[in-house]
Amino acid sequence: MQLDLNSHSNLTIAVSGLKTGDNPQPGVPIIRGIKKAGFEGKIIGLCYDALEAGIYLDDLADSVFLMPYPSGGSEAFLERIDFILSKTKIDIIIPTLDAEILTYIKLEKELEKRGIKTFLPSEEQFRLRDKSKLNTFFPPKGILVPETEFLTDEQQFNDLKINYPIFVKGSLYDAYQAFNQSEANKLFHYLKAKWGLPVIAQQKVIGEEYNIALVGDGRGHMLGMVPQKKLVITDKGKGFGGVVIKNQKLDDFAKKVVQELKWQGPCELEVIIDDNDEIYLIEINPRFPAWVGLAAGAGQNLPAMVVKLALGIEVNALTEYKPGVMFVRHSEDIISNISVMGSLSTNYYLEKKEITDHEKNL
Amino acid sequence: MSLNTLKQLAINDSGFAFNPTTGKSYHLNEVGIKVIAMLKQGKTLNQISEILFKEYDTEIDALNQDIDFFVMQLQNLGLIGVEDAIRPK
């Protein structure tokens, strides 16, 4: 099999984003995808919080390191990478969180010097998919994006050119529906306080929402993609269940987005198909989604593909996937010991032995 | 619209139908499964009524009405075209 990782067991792969629970990150399913491809080498978990649940899973990471927040600057980030390298080698890093991707892109050369490979977009590609660029970059290329306005003052809601209902979005994250100006004003202040300015007002498109997990080759070609329709949506808007669909128009749309962006690496497209069968691009997340395990279940192990690509190995594009494959997410309690968390917090790292031997730890 | 969308519908023995193009799913009863199977084969609404009339103890008018209502639902769901939901006089 072209995505077999059996022969790469000498590698050490680091993956970030081990949070599960109500707002899960993609790290756990990415590691599981890599292991599913037969990888028997070392897995390192990179986390920002000692309570990310994936840390405490017995069968996941061989060691876990605590990272400084990307907002702390790339120097601190690189220092921690060097600290990790003093304990273990790293061959590949797969970053999975919106806020850290740009840091990894900017540090690409420094990482390379240290023998660490990534498979990420360029800074230009990354910035073109930003919420602030979507509605200027894509519509001239025939890709529909809902009407969007960028607000720096709540008074601007008085002159809004789009009609309610709208989505009011934070500059980096979060989106809430507003049915009138009063609701929009309240959301403006909330999102301004949380994510800063601008706050984004976007026309709500009435239709069905779909998500596509994909990998682009950086030259405008799609290397793999799996679309899903969410079946279970939590009150935070997170998909806790979904089913793989097969829609040629959606496939063509995703290929066009990747072609226009020349996207390299993993990403997730959020789209809506309206009642007139028009497809609107809502958002491009520059990393795998938390539901990427569904892609492997449907026949495309995209995380394993990214490992190969990071190593510079040519892979054939995956074109088939199984519609009707579904996932339902569950959460469970992991029993550990407070000393395990304490050890990670004070030493910035944990070895698997400490994770699995938690009963002896206090 | 032709019957293409309906033909893509995956239906299991218990009457669970999945539209792989949209991700939507539906539940069908025994008669609904038979009507869809016959529509997929290209049978007209009158032919479907004739076949089901022989199979079930019912009045033809009531049967026609039920089938017409069912295909109207299929049309509303975008699974068949307007022309497929009209019974020729």
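Up top is the structure these notes are about.
Read on for a plain summary of the structure. In this text, all values refer to a predicted model and were calculated from it rather than measured experimentally.

**What about the overall build of chain A?**
Of the regular secondary structure elements, chain A holds twelve helices and 15 strands. For chain A, the spread of C-alpha atoms along the three principal axes comes to 60 × 45 × 40 Å. Of all 362 residues assigned to chain A, the portion counted as buried reaches 54%. Contacts in chain A between residues at least 24 apart in sequence constitute 65% of all its contacts with a sequence separation of at least 6. Summed over all atoms, the accessible surface of chain A reaches about 16,200 Å², with 50% contributed by carbon and sulfur.

**Here we look at unusual backbone geometry**
Residues and elements named next belong to chain A. With omega at 5°, the peptide bond leading from Tyr164 into Pro165 counts as cis. The topology assignment puts Pro165 in the loop between strand S5 (148-151) and strand S6 (166-169). The amide bond that connects Leu197 to the next residue, Pro198, takes the cis arrangement and shows omega of 0°. With respect to the secondary-structure elements, Pro198 resides in the loop between helix H7 (181-195) and strand S8 (199-203). A positive phi is found at Lys262, a non-glycine position, where the angle reads about 50°. Residue Lys262 is classed as partly exposed on the basis of its relative accessible area of 43%.

**Section: the interface of chain A and chain B**
Taken together, the eleven residues of chain A in the interface contact six residues of chain B. A combined buried area of about 560 Å² lies between chain A and chain B, and 57% of that area is made up of carbon and sulfur atoms. Applying the counting criterion to the chain A and chain B interface returns one salt bridge. At the junction of chain A with chain B, the criterion picks out four residue pairs in polar contact (both at pLDDT 80 or more). Mapped onto the side of chain A that touches chain B, the elements with two or more residues apiece are strand S9 (207-217), strand S10 (222-233) and strand S11 (239-244) of chain A. Taken together, the residues of the side of chain A that touches chain B break down into six nonpolar, two polar and three charged.

Thresholds applied
Residues numbered from 1 in each chain as written. Chains lettered and ligands numbered in written order. Predicted model: local features only at pLDDT ≥ 70, side-chain atom pairs only at ≥ 80, totals over all residues. Heavy atoms only, no water. Helix = DSSP H or I, 4+ residues; strand = E, 2+ residues; numbered from the N terminus. Buried < 20%, exposed > 50% of the residue type's maximum accessible area, 1.4 Å probe, protein only. Contact = heavy atoms within 4.5 Å. Areas by Shrake-Rupley, 256 points an atom, 1.4 Å probe, with all protein chains shown as cover. Buried area = accessible area lost by both parts, 1.4 Å probe. Salt bridge = Lys/Arg side-chain N within 4 Å of Asp/Glu carboxyl O. Polar contact = N/O pair within 3.5 Å; in protein donor to acceptor, adjacent residues only side chain to side chain. Nonpolar A, V, L, I, M, F, W, Y, C, P; charged D, E, K, R; others polar.

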